[in-house]
There are 2 protein chains.
Amino acid sequence: MNVIKYLLSDEELPAHWYNLAADLPEALPPTLHPGTREPITSEDLAPLFAQALIEQELSTERWIEIPEEVRRVLLQWRCTPLYRARRLEEALDTPAKIYYKWEGVSPSGSHKPNTAVPQAFYNQREGIRRIATETGAGQWGSSLAMACSVFGLECLVYMVKVSFNQKPYRRALMDAYGATCVASPSDTTQSGREILRNDPDCTGSLGIAISEAVEVAASNDDTRYCLGSVLNHVLLHQTVIGLECLKQLEMAGDYPDVIVGCTGGGSNYAGICFPFLGEKLRGGRDVRLLAVEPSACPTLTKGPLAYDYGDTAHLTPLVKMHTLGSGFVPAGFHSGGLRYHGMAPMVSHVINLGLSQALAINQLECFDAGIRFARAEGIIPAPEATHAVAAAIQEAERCKREDRRETILVNLCGHGHFDMQAYIDYQAGKLKDYAYPDEEIALALSGLPSV
Amino acid sequence: MNVIKYLLSDEELPAHWYNLAADLPEALPPTLHPGTREPITSEDLAPLFAQALIEQELSTERWIEIPEEVRRVLLQWRCTPLYRARRLEEALDTPAKIYYKWEGVSPSGSHKPNTAVPQAFYNQREGIRRIATETGAGQWGSSLAMACSVFGLECLVYMVKVSFNQKPYRRALMDAYGATCVASPSDTTQSGREILRNDPDCTGSLGIAISEAVEVAASNDDTRYCLGSVLNHVLLHQTVIGLECLKQLEMAGDYPDVIVGCTGGGSNYAGICFPFLGEKLRGGRDVRLLAVEPSACPTLTKGPLAYDYGDTAHLTPLVKMHTLGSGFVPAGFHSGGLRYHGMAPMVSHVINLGLSQALAINQLECFDAGIRFARAEGIIPAPEATHAVAAAIQEAERCKREDRRETILVNLCGHGHFDMQAYIDYQAGKLKDYAYPDEEIALALSGLPSV
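Residues numbered from 1 in each chain as written. Chains lettered and ligands numbered in written order. Predicted model: local features only at pLDDT ≥ 70, side-chain atom pairs only at ≥ 80, totals over all residues. Heavy atoms only, no water.

Peer 1: So what's going on with the relation of the copies chain A and chain B? Residues and values would help.
Peer 2: Of the transformation superimposing chain A on chain B, the axial component is 0.0 Å and the angular component is 180°, with the fit at an RMSD of 0.0 Å. Here the symmetry operator amounts to a two-fold rotation axis. Mapped onto chain B, 100% of the interface residues of chain A are again interface residues, and the two copies thus contact each other with one and the same surface. (Least-squares fit on C-alpha atoms with pLDDT ≥ 70 in both. Contact = heavy atoms within 4.5 Å.)

Written out as structure tokens, the structure is:
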């Protein structure tokens, strides 16, 4: 019988996270203090983050131990399965081998708990009472709410207003976990009130929601801020995905020629890719990395690499990243997790060093890929994950044209059970492709800070 | 470290289903032909079901081999994890040990694919082109649609109209898998047209949807009918759940004092309980079985054991079961999977023989249990599954009062990600308890056929 699944035992859950900073041929450009424009220090970040997370953010240690308390919670659903997509291969009639890592088995249905759990743990260990965060469609907010519930922390989530109103289900999940969910912009913060004064009907953005959550953390001693992507320590926590894949592909006697991940802030892509990239940088096998983003939010493919703020109100430090400008508001499309104006500095750096490629795909092709995947493999991917699937199908079709038996590894970062309205709209022909016009991007970029 | 999870390897996926009929102290009363009222034969059932499934339906063999092609698909998500609910135990401050079997990791998020896959397989192997079925909230329909997609069969689903209109998400999942979903009652069948003629605004019931699907199968040579619960072969296919639990609890060095499952048609309850009951009947350890149903559809606790039809139009054979009458329409409550008027004959028989207890719980207590479970264990249960959780909490609280360290095993048959509207309504205080009045039950029962 042809094997379709590769499982690891609990003992094989990685004991350490992998930190790519240890192996980079060129150091990551420093994060800058928004006032002084000097490299940020641990003290500067102390009002916002738990100390252990700040240390991880700035660390260049290659391996960072995963605390037993964190492993214990992660083990509820990890190690996650790696699948060989044999039925999809057959449907595509491709000589390529397609593997997918399935992160949808977590309690909230995505990869987000991989970092929510350690973030909640460290904050609790340091005596923090409450965590403030932002969320777009709610994958991150619901995952953090779950982790806070496990560790007995209060959780305050600023949810982008348009999603708060249109997507009540992940919000309901946050409620169920006992979190407080506030539509952003709100009148609970100075930055929120300022935006509402100028535009009472503002439907919000991730940048605005970040401003509100950061403000609450900065102005309350018992509260810290958590972010679900972008930052080094978040990417670090996601490396359990790729570390598991390394072991699982060894079981399969295989190694990827190409690894595909979708990119919003960059964490699931980094989580699967960085451990393989580390192997390569330490003299191991070459591998092609492919970061896939929506054409409607083309951060990597159309945004320059520049210092920019992570939020709209410019409360965050300045990070060097691919960005569409902190004022960028993406057009309506259905991958709530891929709408951020910026990109993880570490992912941006890797692309800049030529260690990864990036690709933008339109949403109609992505939803079509999601349907094809569902019919072959039985799993309906989250709209975000369909971007990775669409790129994998492109690669498999290229392999067919070129008659190459390459190995493709895809990060299937979440299930689509919360996102069926998007599939309904797609199947009803209501969705359109939207490529952001270059002149609008230029306008959005005109406000970049001069550093 | 205290273990929280018990996993099995692929090799430990049961090679055979367990058939309780082999060990019953008293044979199951026969199913009767609706015309002759004589025990039904294999030939009578041939227009409706694949031959292999008819053989299983009538079999008294103890172990029935699971075909390799079926095991191969099941292995995508099986064996499913067994968890020790340590955080819930702590929250309840109970001396009891609570284990839960987690069936929500399947592609459609519930236990239903355990039988959808073999049913699709056998039909495909026998050259059937199309399968007709019914679904309430859509757990079964989406699972069968998934299985049909895997085996290349057409799938026609009659979905209860009120759910078709109010719950578009599982319908969208069926669409994604390529199934055809029709609101029932419909004008595509004689039984549907007849009902619509008498009541054009009829919002449907499972009994009506069954009539439509059965009619289509009976009148088309290339089409067979599939049912997602109630029948012997369906319960048989679900025994993989309990068979896995037996091995997993052996790993844990434990054995259940009580096993809890929710009952709509009875298949997930039977799936977890029957293998343990078989052990007991063959001289093994005693175990208390607890079937939990909604107070708003009290089939086991208020319905008599009687011969009745499985559908509204009286096209199905007559089965001896606990029933509220085939004309019974349950009040509005939020567990779409638990709204059937009848109960699996095998489950009814087991209750009648005193081998299991039954319990009805109101939905407010169930949703409260669901929230408590989510906050402790991170997983939000489907409304159906909250009935089992609520009963487990009752048992754990009894253990606390009596200071007994009993072992409780719960079947957590599905996740609630498709059912967040129900949680929204619950948290907003919009749900009410509804105990069916005895006089209305008496009225519904007055139409029972005389056998």
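Peer 1: Hey, could you go over unusual backbone geometry for me, with residue numbers and the actual values?
Peer 2: All names here are of chain B. In this structure, Cys-79 follows Arg-78 across a cis peptide bond, with omega equal to 0°. Mapped onto the elements, Cys-79 comes out in the loop between helix 3 (68-74) and strand 4 (82-84). For the bond from Ser-184 to Pro-185, the omega torsion is 5°, close enough to zero to count as cis. Here Pro-185 is to be found in the loop between strand 8 (180-184) and helix 9 (190-198). The phi angle at His-314 is positive, at roughly 60°, despite the residue not being glycine. Counting through the fold element by element, His-314 comes out in the loop between strand 12 (305-309) and strand 13 (318-322). His-314 gets classed as partly exposed once you look at its relative accessible area, which sits at 33%. The phi torsion at Asp-403 lies on the positive side, around 50°, for a residue other than glycine. For Asp-403, the position within the fold is in the loop between helix 16 (383-402) and strand 15 (407-412). (Helix = DSSP H or I, 4+ residues; strand = E, 2+ residues; numbered from the N terminus. Buried < 20%, exposed > 50% of the residue type's maximum accessible area, 1.4 Å probe, protein only.)

Peer 1: How would you summarise the sheet that holds strand 6 (residues 130-135) of chain B if you had to cite specific residues and measurements?
Peer 2: Residues and elements named next belong to chain B. In spatial order, the strands read 8-7-6-9; together these 4 strands make up an open sheet with parallel pairing. At either end of the open sheet lies a strand with only one pairing partner, and these are strand 8 and strand 9 (223-225). For this sheet the average axis-to-axis angle between neighbouring strands, irrespective of direction, equals 25°. Here strand 6 pairs with strand 7 (residues 154-160) via 6 bridges, running parallel. Among the inter-strand pairings, Ala-132 is bridged to a residue of strand 7, identified as Leu-156. Against the sheet, helix 6 (residues 139-151) contacts strand 6 and strand 7, and its axis sits at roughly 165° relative to strand 6. (Pairing = 2+ DSSP bridges. Axes fitted to C-alpha atoms, helices over the stretch in contact; angles between N-to-C directions.)

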